[in-house]
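Understanding the architecture of this molecule
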Amino acid sequence: MKLQLAILQTAALVVPRQQRAEWLAEWRSELWYVRRASSHCKRGVTAYCLGAFKDAFFLRRTKPRLSVREILRLESPFHCTAFLAALAAVGALSAVQIPSGGNEQSMLMQRPLARLLMLVVFACLILPSTTSLSLGEYPANRDSSWPIRLRRWIFLLTKIGLILLIVYCQLLFLADPGTSGLAANLRIQGLLWGSIYAFRWALSDQRKRCPVCLRLLTNPAQIGQPAHNFLEWSGTELICARGHGLLHVPETPTSWFDTQRWLYLHPSWRDIF
Amino acid sequence: MAVESKLSHTAAMILHAIHAGYVYGFSIMEMTGLPSGTVYPAMRRLERDALIRSEWEQQSIAVAEQRPARKYYKLTRAGKATLEAAHKRYPLLARLIPSQEVETA
C-alpha cells in the first residue's frame, strides 16, 4: 500500500499545482476500490498506479499556457523581477556599446553616478505629489512572520534596485558625445519623469500584491457606495487567488480608513481556492 | 463537429461505457479492458472537450457506506450527440459493452 501511495504521490508532482489536490484525491479513492477488487494481485494494483504517470504527464502537457497579456501583467513576483532584470540587461548592453567620445564627453557623461544620485533625489522629492508612499496596513498575524515580511521588503528593494540600474544605463546610453547642452537637458528631464513614473509603478505594484505569496491580487469588486461613507466604507475589495487574504482599498480616504487594509483569511478558507 | 470526427475508437468506447452506466474510472477500465494509463487521460480529454463532466459523490453517502467518495462521470448533451455519431462510425460498439443500471444516485 505504501509503495502504491508513493507512486501516486510521485506522479502528483508532475500534475499542475492547481489540479494536483483533486487529481490525487481521485486516484487515491480509485486505488481503494482497485485494491478491494484485486486483493490477491498486488502486481495488478501497482500496474494500475503506474498508469497515474501517463495521466499526470497528459495533464502537464495540456496545461493551458499563459498568454502574452498574462505574462506582461507580471502576476508572479518571478515574472516581475525577470522582466525588470531583462530590461536592465538590455540597458546595460546598450550602455556598454556607446562609443567613447574622448575629450568631447557630453555633460551627462561627466560624473554619471553623481548625476544619478541627483536625479533620484529629485524624483524622490516629486514622487509624494504623484502617489501615496504608504504601502497600507498589514495587521500582525501568524501569516505575517518575519521571513514573509522580509521577503516582501526584499522584493520591493529588488524592484527599486533594478529600476535604478535601468535609469543609470539609460543615463549612460543617452549621453551621446557631442550632444548640445539643451538636448542633454531635455534628455535628463525625460529621464527624471521616466524615473518618477517607474518608482510610482514600483510602489503601486507592491500595494496590489498579496503580502504572503507576492502575487498580484485579483477579482476587484466594488463594495458600498460613496454616499454611505459616514456609516460604512466604500471602495474596492481584491482577493488573493491562493486564499491568503483580502485587500480593502477605500475609494475616499477617511479619518477611520485612510489607507488600504489587508485582511488575512484563516487557513481553513484555502480549501475553497 | 470537429471533435466528433476526431473521436478515436478508444474514446468512443469510453464514451459508450459511461453512457452504459460505468461511471467511474475503475469500472470503465474493467469493462473496456483498457489500462489506467489510457482510460484516465482519455477521460481528461473528453472532459476538456465538454463531452463528459465529472462530479464528486456526496461525502455523507460515502462515509455512511464506509468507503472513500468517488468521482463520477456523466455525458453532456454534446457527448450524447457525439456518441450517436460514433455509433454510426463504430457499429459494433454497442455490442462490446452491455448497458447496466446506473448505480449512482
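What you see is a predicted model; the values in this text were computed from it and never measured.

Looking at the nonpolar core
By size, the foremost hydrophobic cluster in this structure holds 36 residues, and its most contacted members are Ile14(B), Ile18(B), Ile28(B) and Met43(B). Contributions of two or more residues to this core are made by helix H1 (2-12), helix H2 (17-37) and helix H3 (42-61) of chain A together with helix H2 (9-19), helix H3 (25-32) and helix H4 (36-48) of chain B. The biggest single contributor to this core is H2(B), with 6 residues. Residue contacts for Ile14(B): discarding those within four places in its chain leaves Ile28(B), Thr32(B), Val39(B), Ala42(B), Met43(B) and Leu46(B). One finds Leu84(A), Ala123(A), Cys169(A) and Ala202(A) within the second-largest nonpolar core, a separate group that totals 17 residues.

Quick look at the environment of Ala50(B)
Residues and elements named next belong to chain B. Within the fold, Ala50 resides in the loop between H4 and strand S1 (52-56). When the C-alpha atoms of Ala50 and Gly79 are compared, they prove to be 7.2 Å apart, with 29 residues separating the residues in sequence. For Ala50, the residues in contact, after removing those within four places along its chain, are Thr76 and Ala78.

Digging into the sheet that holds strand S2 (residues 235-239) of chain A
Residue and element names in this part refer to chain A. With antiparallel pairing, the 4 strands of this open sheet are ordered in space as S1-S2-S3-S4. Two strands close off the open sheet at either side, each with one partner strand: strand S1 (218-223) and strand S4 (261-264). Direction aside, the axes of adjacent strands within the sheet are offset by 20 degrees on average.

Section: the confidence of the model for chain A
The predicted model of chain A averages 83 in pLDDT, with 87% of residues at 70 or higher. Across chain A, element-level confidence peaks in H1(A) with a mean pLDDT of 91 and bottoms out in helix H4 (residues 68-72) of chain A with 66.

Comments concerning the packing of H2(B) against helix H6 (residues 77-89) of chain B
All names here are of chain B. Packing of H2 against H6 brings their axes to within 10 Å, and their N-to-C directions diverge by 120 degrees. It follows that H2 is oblique to H6 by the angle criterion. Handedness of the H2/H6 crossing: left-handed. Where H2 approaches H6, its residues Ala12, Leu15, His16 and His19 are matched on the opposing element by Gly79, Thr82, Leu83 and Ala86.

What to know about the environment of Ala89(A)
In this fold, Ala89(A) is placed in helix H5 (residues 77-96). Taking the C-alpha atoms as reference points, Ala89(A) and Leu162(A), separated by 73 residues in sequence, lie 9.6 Å from one another.

Some points on the interface of chain A and chain B
Between chain A and chain B, the residue contacts involve 13 residues of the former and 14 residues of the latter. Going through the elements one at a time, H2 and H3 of chain A are the ones with two or more residues in the side of chain A that touches chain B. For the side of chain A that touches chain B, the residue count by class is 6 nonpolar, 3 polar and 4 charged.

Focus: H5(A)
Residues and elements named next belong to chain A. Between its first and last C-alpha, H5 extends 28 Å over 20 residues, near the 28 Å set by a 1.5 Å rise per residue. Considered for burial, the residues of H5 that qualify are Pro77, Cys80, Leu84 and Gly91. All buried residues of H5 fall inside an arc of 70 degrees around its axis, so they share one side. The outward face of H5, more than 90 degrees from its buried face, is lined by the exposed residues Phe78, Ala86, Leu93 and Val96. The inward-facing, buried residues of H5 abut helix H7 (146-174).

Conventions used here
Residues numbered from 1 in each chain as written. Chains lettered and ligands numbered in written order. Predicted model: local features only at pLDDT ≥ 70, side-chain atom pairs only at ≥ 80, totals over all residues. Core = buried A, V, L, I, M, F, W, Y, C linked by C-beta atoms within 7 Å. Buried ≥ 20, exposed ≤ 12 C-beta atoms within 10 Å, placed from the backbone. Helix = DSSP H or I, 4+ residues; strand = E, 2+ residues; numbered from the N terminus. Contact = placed C-beta atoms within 7 Å. Pairing = 2+ DSSP bridges. Axes fitted to C-alpha atoms, helices over the stretch in contact; angles between N-to-C directions. pLDDT = per-residue confidence, 0-100. Parallel < 35°, antiparallel > 145°, perpendicular 65-115°, else oblique. Left-handed = near helix turned anticlockwise from the far one by under 90°. Nonpolar A, V, L, I, M, F, W, Y, C, P; charged D, E, K, R; others polar. Expected span 1.5 Å × (residues − 1). Arc of directions from axis to C-beta.

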